[in-house]
Amino acid sequence: MSEPKSPTPTPGDTYKGWLFKWTNYIKGYQRRWFVLSNGLLSYYRTQAEMGHTCRGTINLATANIAVEDSCNFVISNGGAQTYHLKASSEVERQRWITALELAKAKAVHMQADGSSRNMEVQSTLRTLGCKVEDLCTCNDLITKHGTALQRSLSELEGLSIQGPMGDKIKQVTERATLFRITSNAMINACRDFLGLAQTHSKRWQKALQAERDQRVRLEETLEQLAKQHNHLERAFRGATVLPSSFTLWSSGSSDSGKGDASDEDDENEFFDAMEDPSSLTSNPESPQSLELEPVRQRRTRVPDKPNYSLNLWSIMKNCIGKELSKIPMPVNFNEPLSMLQRLSEDLEYYELLDKAAKCQSSLEQLCYVAAFTVSSYSTTVHRTGKPFNPLLGETYELDRLKECGYRSLCEQVSHHPPAAAHHAVSDRGWTLRQEISLASKFRGKYLSIMPLGSIQCLFEKSNNHYSWKKVTTTVHNIIVGKLWIDQSGEIDVVNHQTGDRCHLKFAPYSYFSRDVARKVTGVVTDKDGKAHFVLSGTWDEKMEFSRVMQSSKGENGTEGKQRTVYQTLKSKEIWKKNPLPEGADTMYYFSCLALTLNELEEGVAPTDSRQRPDQRLMEAGRWDEANAEKQRLEEKQRTVRRERAAAAEAEGAQHIDNYEALWFKKIDDPVSGESLHVYKGGYWDAKEEGSWDMCPDIF
């Protein structure tokens, strides 16, 4: 929208006009009416707002003005206020820069004049104090010499001298008496003046300091008025209250690269109105919380890991090239969790999916989903213990509906190859499902674990359907040295609804690499391949993302491929790893969530991993008993499998092992085109009724 050209500003003018101000990553630059007056730059949504609603003000006396390009410039006061502005043309930008620089110079000059006046007052007070001290000294001298003179004259008067000399002495004595009276009067006046000067000097200093403090407070109050008025305006309109777990994604937050959040809140309502509890159904398959119940206090410790020495190489030296699931391993190398529980640990940072569900932009949503995929590896950095292989039909539920708004169910749906299905649903509007089968090889020096299958995330509001796979996990120093874990490979997180894609690269560790260890990079592109966001960080610490403003081809990389150079805005943290609990090094390096996963709970299925006896014995530190119980369970599973195969063969079945999962069914997903087990329902109904007759006896 074109605007009439503004005249070239002159010193002392009030300058007004339209500029585009950066608000946030979703809205971008928005048109605002700016007013420059008396050294203050203020802005409004429209010209009509000038009489009642100022959206923000910045004092130019302490501001820094920087030109970015032909139309863009930035004004910052070095604190929380930063305005990224764009003019309609280079000429218009220069007019504003000129006006701003003139106003800043004038404001600085006025501030300097104020400081000069303050210095002048202080100098006058110091001079006055010196003069008062001089008067005190003169007062003392007059008193001293006047007393001596009076004494001398009294002595002369006492002498018996006749004639003219006597008359002269008498005259001098009278004059000296008059001088003494006058001097005493002056001394008393000086003493009164001295007292008044000392009293008022302190009052003047206090008054001056009070005026200075009041001016600072008024400036701060002026800057806050716009924010307070805007919040009151939104409250009057009955705006929805943000949930405590939701942080508004705005470039105006304190750690953001652009803008300030004083006035843009009502343009960033990415949340939905809270649903009326009376409208919620009572279907147990739909997670909800109708009653306020006290949240359960979960445990914060597990028994310390016993210090048993065992030579791993003595067990694995004959297993080179074999599948890990076929290697008989004692519990000494395990951690007291099953693979199903480790799979549930992917929900450690469920808040990322909560935030993704609130995004209006699919590209922004993809950033949060990508960060969620990376976060699932953060718990593995020190976890060198092997999880228990689940028995066929083993399940694990993780019900965090009251605390976190989600609950999930895992089931071991196949034994050869071992495969687990996972289904999690949240009342925040997302569903996560995955089927993971592990292929692993022992290579002598290291152990490679290649997860097969896919993970899918569905969002109810937008119908966006994402899928991705996991990278390879490598356990190093099997033969000698301290075990350590690395993640390497590439992931494509695909939105099948829009065609958006995030390509993530997990860089393998290299002793000769200059890059930071455990580095992850990613690029979010739309269906046409245009980059919109880049992500960077490490899978064991944090991830950041930034919006792409421009991309260009750079120099050739190490493999001869031409690199793409992205010009981005300042990066923002999207995920950060939670600190480990105190004493984690003696508790298998479990996170706070992992510490609670094997805690006994009432009402779970008899096939739940919490009920597994060898795992419970191992957690209690009774490893010899746990090894014996592990062998019993594995032999029982083999016996059941032989009986099932014999029954199938007797019936003439084509497939010897015709096992079917209890809570999941296998489908061909029409969206992703993949074959996987999905939750078919019934588990939470059975738990509600306390009816587990359909569950097999696996323990």
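Residues numbered from 1 in each chain as written. Predicted model: local features only at pLDDT ≥ 70, side-chain atom pairs only at ≥ 80, totals over all residues. Heavy atoms only, no water.

K.L.:
Please explain the overall build of the protein chain as it appears in this structure.
P.N.:
What the protein chain contains, in helices and strands, is 11 helices and 25 strands. Counting only residues that meet the buried cut, the protein chain has 44% of its 699 residues in that class. Considering only contacts within the protein chain whose residues lie at least 6 apart along the sequence, 57% involve residues at least 24 apart. (Helix = DSSP H or I, 4+ residues; strand = E, 2+ residues; numbered from the N terminus. Buried < 20%, exposed > 50% of the residue type's maximum accessible area, 1.4 Å probe, protein only. Contact = heavy atoms within 4.5 Å.)

K.L.:
It is not clear to me how the environment of V678 should be interpreted in this structure. Could you clarify?
P.N.:
With respect to the secondary-structure elements, V678 resides in strand 25 (residues 675–679). Along the sequence, V678 and W663 sit 15 residues apart, while their C-alpha atoms lie 8.5 Å from each other.

K.L.:
Teacher, can you tell me more about unusual backbone geometry here?
P.N.:
Leave glycine aside and you will find that most residues have negative phi; peptide bonds, for their part, are mostly trans. For the peptide bond that leads from H416 to P417, omega is 0 degrees, which places it in the cis range. Secondary-structure assignment places P417 in the loop between strand 11 (406–415) and strand 12 (418–426). Even without glycine at this site, N463 takes up a positive phi of about 65 degrees. Tracing the sequence through the fold places N463 in the loop between strand 14 (446–459) and strand 15 (465–468). Here R518, not a glycine, exhibits a phi torsion of approximately 65 degrees, which is positive. Residue position: R518 is located in the loop between strand 18 (501–506) and strand 19 (519–525).

K.L.:
Mind showing me how you'd approach the packing of helix 5 (residues 351–358) against helix 6 (residues 362–375) here?
P.N.:
Two quantities define a packed helix pair, namely the angle between the axes and the distance from one axis to the other. Orientation of helix 5 relative to helix 6, taken along the N-to-C sense of each, is 170 degrees, at an axis distance of 8 Å. Overall, the two elements helix 5 and helix 6 adopt an arrangement that is roughly antiparallel. Mapping the contact onto sequence places L352, L353, K355, A356 and A357 in helix 5 and Q365, Y368, V369, A371, F372 and S375 in helix 6. (Axes fitted to C-alpha atoms, helices over the stretch in contact; angles between N-to-C directions. Parallel < 35°, antiparallel > 145°, perpendicular 65-115°, else oblique.)

K.L.:
What exactly am I supposed to notice about helix 5 here?
P.N.:
Residues separated by three or four positions in an α-helix point in the same direction, a consequence of the helix having 3.6 residues per turn. Turning to helix 5, its buried residues are L352, L353, D354, A356 and A357. Those residues of helix 5 that are buried lie in contact with helix 6, helix 7 (401–404), strand 12, strand 13 (430–442), strand 14 and strand 23 (572–576).

K.L.:
What is the right way to read the pairing of strand 3 (residues 40–44) from this model?
P.N.:
Regular strands place their side chains on alternate faces of the sheet. Burial runs high along strand 3: 4 of the 5 residues are buried. As judged from the 5 bridges shared by strand 2 (residues 28–37) and strand 3, these two strands associate in the antiparallel manner. The residue bridging W33 from the neighbouring strand is Y44, located in strand 3. A loop of 2 residues connects strand 2 with strand 3, the two strands running antiparallel in sequence, and N38 in this loop sits at a positive phi of about 55 degrees. Here 4 bridges tie strand 3 to strand 4 (residues 56–59), and the two strands are oriented antiparallel to one another. Counterpart to L40 in the pairing with strand 4 is N59. (Pairing = 2+ DSSP bridges.)

K.L.:
Would you mind showing me how to read the packing of aromatic side chains here?
P.N.:
To describe a pair of aromatic rings, one takes the distance between the centres and the angle between the planes. Tallying each qualifying case throughout the model produces 20 aromatic pairs. Aromatic pair Y15 and W96: ring centres 4.6 Å apart, planes at 70 degrees, arrangement edge-to-face. With Y15 in strand 1 (residues 15–24) and W96 in helix 1 (residues 90–157), this residue pair connects regions lying 81 residues apart in the sequence. Neither residue differs from the other here; Y15 and W96 are each classed as buried. Ring centres of F459 and Y466 lie 5.8 Å apart, and the angle between their planes is 85 degrees; this geometry places the pair in the edge-to-face category. As far as burial versus exposure is concerned, F459 and Y466 are alike and both buried. (Phe/Tyr/Trp six-rings, centres within 6.5 Å; stacked < 30°, edge-to-face > 60°.)

K.L.:
Looking at this structure, I do not really get the sheet that holds strand 1. What am I missing?
P.N.:
Strands pair in a sheet through their backbones, by hydrogen bonds, and they do so in one of two ways: parallel or antiparallel. The strand order 4-3-2-1-7-6-5 describes an open sheet built from 7 strands, whose pairing is antiparallel. Pairing within the sheet leaves two strands with one partner each, and these edge strands are strand 4 and strand 5 (64–67). Adjacent strand axes in the sheet meet at a mean angle of 35 degrees, parallel and antiparallel pairs treated alike. In this structure, strand 1 lies alongside strand 2, joined through 9 bridges in antiparallel fashion. Bridging from a neighbouring strand, F20 pairs with R31 of strand 2.

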